[in-house]
Amino acid sequence: MSAPVVIIGTGLAGYNLAREFRKLDTQTPLLLITADDGRSYSKPLLSTGFAANKNAENLGMATAGAMAEQLNAEIRTHTRVTRLDPANRRVWIGNEPVPYRDLVLAWGAQTIQVPVAGDAADAVFPINDLHDYGRFRAAVAGKRRVLILGAGLIGCEFANDLLLGGHEVDLVAPSEQVMPGLLPLQAAEAVRNGLKGIGARFHLGATLERLQRSTDGLQATLSDGSQRSCDLVVSAVGLRPRTELAAEAGLEVKRGIVVDRLLQTSAEHVYAVGDCAEVEGLNLLYVMPLMAGARALAKTLFGNPTFVSYGPMPVTVKTPACPVVVSLPAAGSAGNWTVEAQGNDVKALYLGTSGQLLGYALTGTAVQERLALNKQLPPVLAELPQILSLKSPS
Ligand SMILES: Cc1cc2nc3c(=O)[nH]c(=O)nc-3n(C[C@H](O)[C@H](O)[C@H](O)COP(=O)(O)OP(=O)(O)OC[C@H]3O[C@@H](n4cnc5c(N)ncnc54)[C@H](O)[C@@H]3O)c2cc1C
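Quick caveat, the model's predicted, so the values are computed rather than measured.

Asker: I'd love a proper account of the packing of aromatic side chains, names of residues and values included.
Answerer: Considering all chains together, one arrives at 3 aromatic pairs under this definition. A centroid spacing of 6.2 Å and a plane angle of 45° characterise the contact between tyrosine 133 and phenylalanine 136, whose relative ring orientation is tilted. Taken together, the residues tyrosine 133 and phenylalanine 136, both in helix α4 (residues 130-140) and 3 residues apart, mark about one turn of the helix. Assessed through its relative accessible area of 1%, phenylalanine 136 is described here as buried. The interplanar angle of 75° and the centroid separation of 5.3 Å between the aromatic rings of tryptophan 337 and tyrosine 350 together place this pair among those described as edge-to-face. Here tryptophan 337 is found in strand β23 (residues 335-342), whereas its partner tyrosine 350 is found in strand β24 (residues 345-352), with 13 residues between them in sequence. With relative accessibility at 30%, the residue tryptophan 337 sits in the partly exposed group.

Asker: How would you summarise the pairing of strand β6 (residues 96-99) if you had to cite specific residues and measurements?
Answerer: Here strand β5 (residues 90-93) pairs with β6 via 4 bridges, running antiparallel. Across the sheet, arginine 90 pairs through a bridge with proline 99, a residue of β6. In this antiparallel pair of consecutive strands, β5 and β6, the connection spans 2 residues, and glycine 94 shows a positive phi of 60°.

Asker: Give a detailed account of the environment of threonine 10, specifying residues and quantitative values.
Answerer: Note that threonine 10 resides in the loop between β1 (5-8) and α1 (12-24). Assessed through its relative accessible area of 5%, threonine 10 is described here as buried. Spatially, the C-alpha atom of threonine 10 lies 16 Å from that of threonine 82, the residues being 72 residues apart in sequence. Dropping the residues within four chain positions of it, threonine 10 is found in contact with Tyr15, Leu32, Thr34, Asp36, Gly38, Arg39 and Ile75. Reaching out from threonine 10, the side chain makes a polar contact with the side chain of threonine 34 at a distance of 3.2 Å.

Asker: Could you give an account of a nonpolar patch on the surface, with specific residues and numbers?
Answerer: Together, Ile112, Val114 and Val237 line one region of the surface with nonpolar side chains, adding up to about 190 Å² of accessible area. In this structure, isoleucine 112 sits in the loop between β8 (109-111) and β9 (124-126). Among the residues examined, isoleucine 112 registers a relative accessible area of 35% and is labelled partly exposed.

Asker: Describe in detail the side chain of asparagine 160, supporting the description with residues and values.
Answerer: Residue position: asparagine 160 is located in helix α5 (residues 153-164). Those residues in contact with asparagine 160 that sit more than four places away from it in its chain are Leu195, Ile198, Lys318, Thr319, Pro320 and Ala321.

Asker: Tell me about the site of the ligand, and name the residues and values.
Answerer: Close contacts around the ligand come from 30 residues, with Ala13, Val81, Asp275, Val287 and Lys318 the closest. Interatomic distance of 3.1 Å between a backbone N/O atom of alanine 35 and a nitrogen atom of the ligand. When the free accessible area of the ligand is taken as 1,000 Å², the share hidden by the protein chains comes to 92%. Looking at the shell around the ligand, the elements that each hand over two or more residues are α1, α5 and α8 (287-302). Ranked by residues supplied to the shell around the ligand, first place goes to α5 with 3 residues.

Asker: Can you explain the pattern of salt bridges? Please cite residues and give values.
Answerer: Taken as a whole and assessed by the stated rule, the structure comprises 20 salt bridges. Note that arginine 39 and glutamate 57 form a salt bridge whose closest N and O atoms lie 3.5 Å from each other. Of this pair, arginine 39 sits in the loop between β2 (30-33) and α2 (56-59) while glutamate 57 sits in helix α2; the two residues are 18 residues apart in sequence, bridging distant segments of the chain. Assessed through its relative accessible area of 58%, glutamate 57 is described here as exposed. Ionic pairing is found between arginine 144 and glutamate 168, a salt bridge with its closest N-O pair at 2.2 Å. Of this pair, arginine 144 sits in the loop between α4 and β10 (145-149) while glutamate 168 is found in strand β11 (residues 168-173), placing the two residues 24 residues apart along the sequence.

Quick notes on the rules
- Residues numbered from 1 in each chain as written.
- Predicted model: local features only at pLDDT ≥ 70, side-chain atom pairs only at ≥ 80, totals over all residues.
- Heavy atoms only, no water.
- Phe/Tyr/Trp six-rings, centres within 6.5 Å; stacked < 30°, edge-to-face > 60°.
- Helix = DSSP H or I, 4+ residues; strand = E, 2+ residues; numbered from the N terminus.
- Buried < 20%, exposed > 50% of the residue type's maximum accessible area, 1.4 Å probe, protein only.
- Pairing = 2+ DSSP bridges.
- Contact = heavy atoms within 4.5 Å.
- Polar contact = N/O pair within 3.5 Å; in protein donor to acceptor, adjacent residues only side chain to side chain.
- Patch = residues over 30% accessible without salt bridge, like charges linked within 9 Å, V, L, I, M, F, W, Y side chains within 5 Å.
- Areas by Shrake-Rupley, 256 points an atom, 1.4 Å probe, with all protein chains shown as cover.
- Salt bridge = Lys/Arg side-chain N within 4 Å of Asp/Glu carboxyl O.
- Near = heavy atom within 4 Å.

Limitation: the analysis is restricted to geometry and does not speak to function.
Shown next as structure tokens:
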């Protein structure tokens, strides 16, 4: 039998690619390898579990077995790839070599861990997949007070969801505003006010220095000297694309695994898509780019080399206490923010030097303007003419 197309990862990138590929090619052997249990689920829903009244079990949509059948694929679960060997067109699972026709890295990003002193470091929960979420939900059951590390998009979403679930929330982050790098200050203040309005307590400009067990749960000491009591800690300080194995195998790696517009890495027959991939300098940890990537890469793997392109890519932040939609201007684009605000309704537009719209941040009722604004936005990664590429996947 000919060597299979091998996809490492059964997140949204791996499964969507497999689905798109099977629409074009029902025959080529397909092997998916995943370190987790291979359940299909939508990661963005992890920060809506309480509001939607769903735990980790309900958020899982299909087992690995059901997915294998649906995709006419073999899926190896609880199996960690330990080495890439592009020169010999195989990957290694411990001592076992697995040959491939083409290899796709869809192994995502990992949570950044911050060191925490004290005897309760094991009460810090990162949440980056369904398994993490299951552990967290089991631990938080019957507990009231949650301390969240990080006030980025994910920290704010978890804060909102936990508050809706009846928990008390303290947010601790070293930045002076929420969602730094994503929201201009006025929009960030609107989100903070919205979350405060439903009970969130913010400790910005501070980090967690120490976590100790106490007679009453946990005692957190912050870098500003203050103390907070809590029952457990959620860590949402950020994600970093998984690049180690790729770098060890000599693939070009920057922030993510470097790929061209065909999503091909610096190695022949090796591609990357999703959170782990850096496409023309863009490492975007969102669903829209990975869906565009999956569609283009499926065609390339089918023998029809296809460049990926991204249209405008607005991000909806799931903080119902203060709705937010943001579309960042491209890094380094010349221009300025202009802001109109009425209470927590903020309309911030990023205008280029000739007045053209390059990005926006909308909060509160201003989010209603997003569709009209999207029409004016430039694409994040413009379409290229589909010239015939010399890099054919066969
Ligand atoms: C709480 C939360 C909310 C979010 N909300 C949104 C949102 O509203 N909108 C949005 O666009 N994006 C959102 N995102 C981001 C979005 O979920 C991710 O961009 C997307 O899920 C990434 O998918 P992926 O398949 O690239 O990676 P992952 O889902 O991380 O999948 C990686 C896979 O690789 C496997 N793997 C890793 N290493 C190995 C190995 N060595 N061997 C074998 N298998 C391996 C893992 O087991 C896993 O199956 C959110 C993220 C989080 C955490």
